[in-house]
Amino acid sequence: MMLLSDIRDYIAGLDMAEQCYMGKLDAKKDNSIGCYHLRRSGSSHIPLGGRSNATYDILPVSILIHGSRYAVETERMAHKLYQVLRDLENETVNNQTIKFCRMLVPEPQDVGTDDNGIYEMVIETEFYTEKEEE
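Residues numbered from 1 in each chain as written. Predicted model: local features only at pLDDT ≥ 70, side-chain atom pairs only at ≥ 80, totals over all residues. Heavy atoms only, no water.

Pairing between strand 1 (residues 19-22) and strand 2 (residues 32-37): 4 bridges, direction parallel. Note that in strand 2 the partner of Gln19 across the bridge is Ser32. Sheet topology places strand 2 next to strand 3 (residues 56-66); 6 bridges connect them, and they run antiparallel. Across the sheet, residue Tyr36 finds its bridge partner in strand 3, namely Ser62. (Pairing = 2+ DSSP bridges. Helix = DSSP H or I, 4+ residues; strand = E, 2+ residues; numbered from the N terminus.)

It is worth spelling out the side chain of His66 at this point. In this fold, His66 is placed in strand 3. Residues in contact with His66, not counting those within four places in the same chain, are Lys28, Lys29, Asp30, Asn31, Ser32, Asp114, Ile118, Tyr119 and Glu120. (Contact = heavy atoms within 4.5 Å.)

Turning next to the packing of aromatic side chains. A complete count under the given rule lists 3 aromatic pairs for this structure. On the basis of an interplanar angle of 35° and a centroid distance of 5.5 Å, the ring pair of Tyr56 and Tyr128 is categorised as tilted. Here Tyr128 lies in strand 7 (residues 119-130) and Tyr56 lies in strand 3, a separation of 72 residues in the sequence. Judged by relative accessible area, which is 13%, Tyr128 ranks as buried. Both rings, one in Phe100 and one in Tyr128, keep their centres 4.6 Å apart while their planes meet at 10°; by these two values the pair is stacked. A residue pair is termed long-range when its members are at least 10 positions apart, and Phe100 in strand 5 (residues 96-103) and Tyr128 in strand 7 qualify at 28 residues. Given the relative accessible area of 37%, Phe100 is considered partly exposed. Here the aromatic residues Tyr56, Phe100 and Tyr128 are joined through ring pairs into a cluster of three or more. (Phe/Tyr/Trp six-rings, centres within 6.5 Å; stacked < 30°, edge-to-face > 60°. Buried < 20%, exposed > 50% of the residue type's maximum accessible area, 1.4 Å probe, protein only.)

Before going further, it helps to examine unusual backbone geometry. Of note, Asp15 is a non-glycine position whose phi angle comes to about 55°, a positive value. Position of Asp15 among the secondary structure elements: in the loop between helix 1 (4-12) and strand 1. The class for Asp15 is exposed, based on a relative accessible area of 66%. Of note in this structure, Asn90 is not a glycine but carries a positive phi near 50°.

So this is what it looks like as structure tokens:
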């Protein structure tokens, strides 16, 4: 089973940010990327015939790009990450395979600045992962 920490490890390995974290981080550095569980409504992924017939799992993730005081730098960083995730295929992370990402937004979403004037953008995606044998 792919965990949010595995996604954080994958993104950290891209060397796009000074810091990569998951969950809440009180002292964010500029040019950091945060991974969060994406809260969506809906049913779980269970194919006809039951869970034993599943060949993949889905991990919905919200990715926060905490950029800099310059909007254009933050936007470039977010678009670079978006393109990497959009084009991702069959990537192994911590001995698990990410088959692909389904992008839930057409491009990184501008969410303004934080209390310190740092521009932020969000990418929402679903990681489709190879189901582990049980």
